[in-house]
Amino acid sequence: MSHTLSPRLIETVVRKMLRDAKDSPERSLRNVVDLALHFSVSPAQERFFDTARQILRDEHSAYYSLVRDLLFHVDEERLVSFGMALGYNGCIAGSKTIRSLAEDGLRVPWFLTLDTGGRTDTYVEKAYQSLIQQGKQLGINTYALLPSGAPRAFLSLAEAHPDCAFVFFCQPEDITTAFLEEAEALPNLVPAIRCREEAEDACQKLRDRQFLYALYYPYGTDIGPGPGEDLLCLAENFHAPLTLLLPQPGCPPTVRKQVYERMSALRCRQPCRTIPWDLLQDGQTVDRLVARDTVPVYFDSAGQLRSMADGQGLTTHTLFDQPLSSLLREAFPQG
């Protein structure tokens with residue numbers, strides 16, 4: 001069944017639910033999942049939220065304490081703004097545009113990753129501004145940025161597009177006072193800190209200012225004993241509600257499969273107060289829910305579109321000399 005609500009009404013409902021949730025986080029979280037299930041528009045979305053509902057039947061679920069921690073330590077405006085940008089603009093309104101374009105043969109991913117390679121010149125920043133503006137017209141409202149040691153140089157992207165959700169992958173040393181003061185006014189921005197022991201101080205700075213933040217862990221050709229439960233326990237100690245797994249270019253499919261199976265099992269078992277999320281594998285799952293028939297991709301520092309799965313270049317042109325729609329048609333030819 002199809003149900004439609006205006007974004008303003010949805011935001012009003014979300015704000016009320018957040019305030020009510022402080023009295024009963026458990027009941028409110030179940031209500032949110034039930035509401036999402038009610039407004040699902042495809043069998044895949046129904047299966048996704050039905051699985052979430054089954055997980056929450058465990059009254060000792062670590063996710064209940066995770067929600068309680070978010071409610072009392074993250075600014076409400078950040079929860080609402082990022083949630084609306086990601087959930088409504090990205091996965092509801094954006095997906096409608098993406099599906100309509102698919103009928104015309106244009107395959108559009110639901111999120112884009114930009115690897116700046118450390119480039120901070122004005123020319124690059126303007127090119128990214130144009131890219132995001134084009135992306136919004138195609139239904140892309142979620143962006144992950146790898147600013148390579150210069151996150152402040154790209155805060156203007158989140159400022160110029162408050163209706164989009166941005167995740168900035170940062171090193172612990174990037175979380176300076178200057179960065180925090182500028183990012184504080186951007187509730188649609190979530191910093192993701194490289195997961196290592198030194199991240200504790202950066203996470204505490206973010207928590208003190210009531211930021212919504214995450215940790216991320218890059219993995220390559222050999223995962224050895226990790227990432228596993230130890231990684232999630234470290235994230236819990238740092239009060240990170242989300243732990244992102246980021247496969248490196250060239251990571252073999254067998255390793256990616258092992259990581260995904262391990263993290264999926266941990267996500268269901270819920271040993272720690274954090275949610276593991278594989279940017280590639282789980283990104284593909286959301287693609288099937290939202291866009292269908294695309295794969296997670298990223299733009300490298302030269303502006304070439306590449307597959308996140310194997311790093312393979314998908315285009316001969318770059319974002320600096322071709323519009324986004326042309327690049328996507330080249331990367332995902334019809335049929």
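Relevant structure appears above.
On a predicted model such as this, the values are computed, not experimentally measured, just so you know.

Attention shifts here to the sheet that holds strand S3 (residues 165–170). Overall, mixed pairing links the 9 strands, which are arranged S7-S6-S5-S4-S3-S2-S1-S8-S9 in an open sheet. Each edge of the open sheet carries a strand with a single partner, namely strand S7 (275–278) and strand S9 (305–307). Averaged over all adjacent pairs, the angle separating strand axes in this sheet is 30 degrees, with direction ignored. Together, strand S2 (142–146), S3 and strand S4 (189–194) form the strand contacts of helix H5 (residues 76–103), whose direction differs from that of S3 by roughly 110 degrees. Set on the sheet, helix H11 (residues 253–269) makes contact with strand S5 (214–219), strand S6 (242–247) and S7; between it and S7 the angle comes to about 155 degrees.

All right, on to the pattern of salt bridges then. Using the criterion set out here, one finds 12 salt bridges in the structure. Between Asp 69 and Arg 207 there is a salt bridge, with its nearest N and O atoms 3.0 Å apart. Taken together, the residues span a long stretch of sequence, with Asp 69 in helix H4 (residues 62–73) and Arg 207 in helix H9 (residues 199–208) at a distance of 138 residues. For the pair Asp 69 and Arg 207, a shared accessibility class is recorded, and that class is buried. Here Asp 300 and Arg 306 are joined by a salt bridge, their closest N and O atoms 2.7 Å apart. Classification of Asp 300 as buried rests on a relative accessible area of 13%.

For the rest of this paragraph, the subject is the nonpolar core. Taken as a class, soluble globular proteins show a tendency for nonpolar side chains to be buried jointly. If you look at the biggest cluster of nonpolar residues, it comprises 101 residues, and the most contacted ones within it are Phe 166, Phe 169, Ile 193, Leu 215 and Phe 299. When residues in this core are grouped by element, the largest group, 8 residues, is from H5.

This next bit is on H9. Burial in H9 covers these residues: Ala 199, Ala 202, Cys 203, Leu 206 and Arg 207. Here the buried residues of H9 occupy an arc of 135 degrees about the axis, which is enough to place them on one side.

The subject of this paragraph is the layout of surface pockets. Empty space among the atoms can be located by rolling a probe the size of a water molecule over them. Of the volumes computed, that of the second largest pocket is approximately 320 Å³. Around the second largest pocket, the lining is made up of 19 residues, and of these Asp 115, Leu 146, Leu 246, Gln 248 and Pro 249 lie nearest the centre. Listed by contribution, the elements that provide at least two residues to the lining of the second largest pocket are strand S1 (111–115), S3, S5 and S6. Looking at the lining of the second largest pocket residue by residue, the class counts come to 12 nonpolar, 5 polar and 2 charged.

The next point concerns the pairing of S6. Consecutive side chains along a regular strand alternate between the two faces of the sheet. The element S6 is extensively covered by neighbouring structure, given that 5 of its 6 residues are classed as buried. Sheet analysis places S5 next to S6, joined by 5 bridges and oriented parallel. Within the sheet, the bridge partner assigned to Tyr 217 lies in S6 and is Leu 245. Where S6 meets S7, 4 bridges bridge the pair, whose relative direction is parallel. Paired with Thr 243 across the two strands is Pro 276, which belongs to S7. With H11 bridging S6 and its parallel neighbour S7, the resulting β-α-β unit is right-handed.

A separate point is the pairing of S5. Bridge analysis of S4 against S5 gives 3 bridges, and the strand direction is parallel. From the neighbouring strand, Ile 193 faces S5, where its bridge partner is Leu 215. What joins S4 to S5 is H9, and the crossover it makes is right-handed.

Bringing the packing of helix H1 (residues 7–21) against H5 into the picture now. Viewed as axis vectors pointing N to C, H1 and H5 meet at an angle of 140 degrees, and their least axial separation amounts to 11 Å. In this view, H1 runs oblique relative to H5, as classed from their interaxial angle. In terms of crossing hand, the pair formed by H1 and H5 is right-handed. Taking contact as the criterion, the partners of Pro 7, Ile 10, Glu 11, Val 14, Arg 15, Leu 18 and Arg 19 in H1 are, on H5, Glu 76, Glu 77, Leu 79, Val 80, Met 84 and Tyr 88. Taken together, the residues of the contact of H1 with H5 break down into 8 nonpolar, no polar and 5 charged.

What counts, and at which threshold
- Residues numbered from 1 in each chain as written.
- Predicted model: local features only at pLDDT ≥ 70, side-chain atom pairs only at ≥ 80, totals over all residues.
- Heavy atoms only, no water.
- Pairing = 2+ DSSP bridges.
- Helix = DSSP H or I, 4+ residues; strand = E, 2+ residues; numbered from the N terminus.
- Axes fitted to C-alpha atoms, helices over the stretch in contact; angles between N-to-C directions.
- Contact = heavy atoms within 4.5 Å.
- Salt bridge = Lys/Arg side-chain N within 4 Å of Asp/Glu carboxyl O.
- Buried < 20%, exposed > 50% of the residue type's maximum accessible area, 1.4 Å probe, protein only.
- Core = buried A, V, L, I, M, F, W, Y, C linked by side-chain atoms within 4.5 Å.
- Arc of directions from axis to C-beta.
- 1 Å grid on protein atoms, 1.4 Å probe; cavity = no way out; pocket = protein on both sides within 12 Å on 5 of 7 lines; lining within 4 Å.
- Points joined across faces, edges and corners; volume = space filled by probe spheres on them.
- Nonpolar A, V, L, I, M, F, W, Y, C, P; charged D, E, K, R; others polar.
- Right-handed = clockwise from strand over helix to strand, strands pointing away.
- Parallel < 35°, antiparallel > 145°, perpendicular 65-115°, else oblique.
- Left-handed = near helix turned anticlockwise from the far one by under 90°.

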